[in-house]
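Listed here are the chains, written in short residue letters.
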Amino acid sequence: VRASYPPMALRAGLESDVILTIEVDPQGKVTKAEITKSGGPGFDEEALKAVKQSRFEPAQREGTQMIAEFTYVYRFRLRR
């Protein structure tokens, strides 16, 4: 999952983590994403945008794909 670094945060040299709760359908598409712990202005919006455009490996139980909910940590880090 790749998000754009918020421009103001990039200029200020800020890093952050955004924690989200994500629900994925049996086809691997994100059907719900909500912020559990904010990373601050700009970071939250970029993290939500990135995960909503992503595909995940669907959960399986006994060979059957199913809906799954999990916690996802999106880390914004500057390369040094």
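What you see is a predicted model, and the numbers here were worked out from it, not measured in a lab.

A.B. asks: Which residues make up the overall build of the chain, and what values do they have?
C.D. replies: Broken down by element type, the chain carries 2 helices and 5 strands. Going residue by residue from the N terminus, the α and β elements of the chain occur as α-β-β-α-β-β-β. Overall, the C-alpha framework of the chain stretches about 50 × 20 × 15 Å when taken along its three principal axes. The buried share among the 80 residues of the chain stands at 35%.

A.B. asks: Talk me through the nonpolar core; I want residue IDs and the actual numbers.
C.D. replies: Counting 16 residues, the largest nonpolar core has Val18, Leu20, Ile22, Tyr74 and Phe76 as the members making the most contacts within it. Mapped by element, the contributors of at least two residues to this core are β1 (16-24), β2 (30-37), α2 (43-52) and β5 (68-76).

A.B. asks: I'd love a proper account of the side chain of threonine 21, names of residues and values included.
C.D. replies: By the element assignment, threonine 21 lies in strand β1. Not counting chain neighbours up to four residues away, the residues in contact with threonine 21 comprise Lys32, Ala33, Glu34, Thr36, Glu69 and Phe70.

What counts, and where the lines are drawn
- Residues numbered from 1 in each chain as written.
- Predicted model: local features only at pLDDT ≥ 70, side-chain atom pairs only at ≥ 80, totals over all residues.
- Heavy atoms only, no water.
- Helix = DSSP H or I, 4+ residues; strand = E, 2+ residues; numbered from the N terminus.
- Buried < 20%, exposed > 50% of the residue type's maximum accessible area, 1.4 Å probe, protein only.
- Core = buried A, V, L, I, M, F, W, Y, C linked by side-chain atoms within 4.5 Å.
- Contact = heavy atoms within 4.5 Å.

Without other data, these values stay purely geometric and don't point to any function.
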